[in-house]
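# A structural walkthrough
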Amino acid sequence: MSRSNEIRTCLVCTNVDCASRGSAQLLDEITQRLAVAGNSIQVKSYLCFGACQDGPNMVLYPEGTWYMGVQQSDVDEIIAHIQGGEPVSRLTEKVDPALRDLILDILESGMVEI
Ligand code: FES
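Residues numbered from 1 in each chain as written. Predicted model: local features only at pLDDT ≥ 70, side-chain atom pairs only at ≥ 80, totals over all residues.

Attention now moves to the sheet that holds strand S2 (residues 42-46). Pairing is mixed in the open sheet, where 4 strands are placed in the order S2-S1-S3-S4. What marks the edges here is a single partner per strand, and that holds for S2 and strand S4 (66-67). Relative to S2, strand S1 (residues 7-13) is paired through 5 bridges, and the arrangement is parallel. Residue valine 12 lies in a different strand from S2, and its bridge partner there is serine 45. (Pairing = 2+ DSSP bridges. Helix = DSSP H or I, 4+ residues; strand = E, 2+ residues; numbered from the N terminus.)

See the structure below:
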């Protein structure tokens, strides 16, 4: 399926494993940084992407980039990507393509409100 290149939403998992690695702080920082930049992309908490051991996880929707193991030090590059730059490839290398496609299909289906 072809996918839109647009990024409307940044979904950050805030379930237990990702939260224990600082995902709530990542969500707050990305939210603030985008607001300061005047960017209207929404940053939202997500229940769980099913790759808990590799978190913090975040997915850019509908564009489809999944970032794994995100650290505070990665935020600058992620913001740059959201604002039209290149994806941060080192944070996508461990992503299981089948799980990524499943999550994107679930998001696309509307089964989960985002
Ligand atoms: S706890 Fe974050 S992916 Fe499951």
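On we go from here.
Before going further, it helps to examine the environment of glycine 64. By the element assignment, glycine 64 lies in the loop between strand S3 (58-62) and S4. We classify glycine 64 as partly exposed; it has 18 C-beta atoms within 10 Å. In the structure, glycine 64 is positioned 40 residues away from leucine 104 in sequence and 6.8 Å away in space, judged by C-alpha atoms. Those residues in contact with glycine 64 that sit more than four places away from it in its chain are Arg3 and Leu104. (Buried ≥ 20, exposed ≤ 12 C-beta atoms within 10 Å, placed from the backbone. Contact = placed C-beta atoms within 7 Å.)

Attention now moves to unusual backbone geometry. Looking along the chain, the bond that leaves glycine 55 and enters proline 56 is cis, with omega of 0°. Topologically, proline 56 is positioned in the loop between S2 and S3. The linkage connecting tyrosine 61 with the following residue, proline 62, adopts the cis geometry, with an omega of 5°. Relative to the elements of secondary structure, proline 62 occurs in strand S3.

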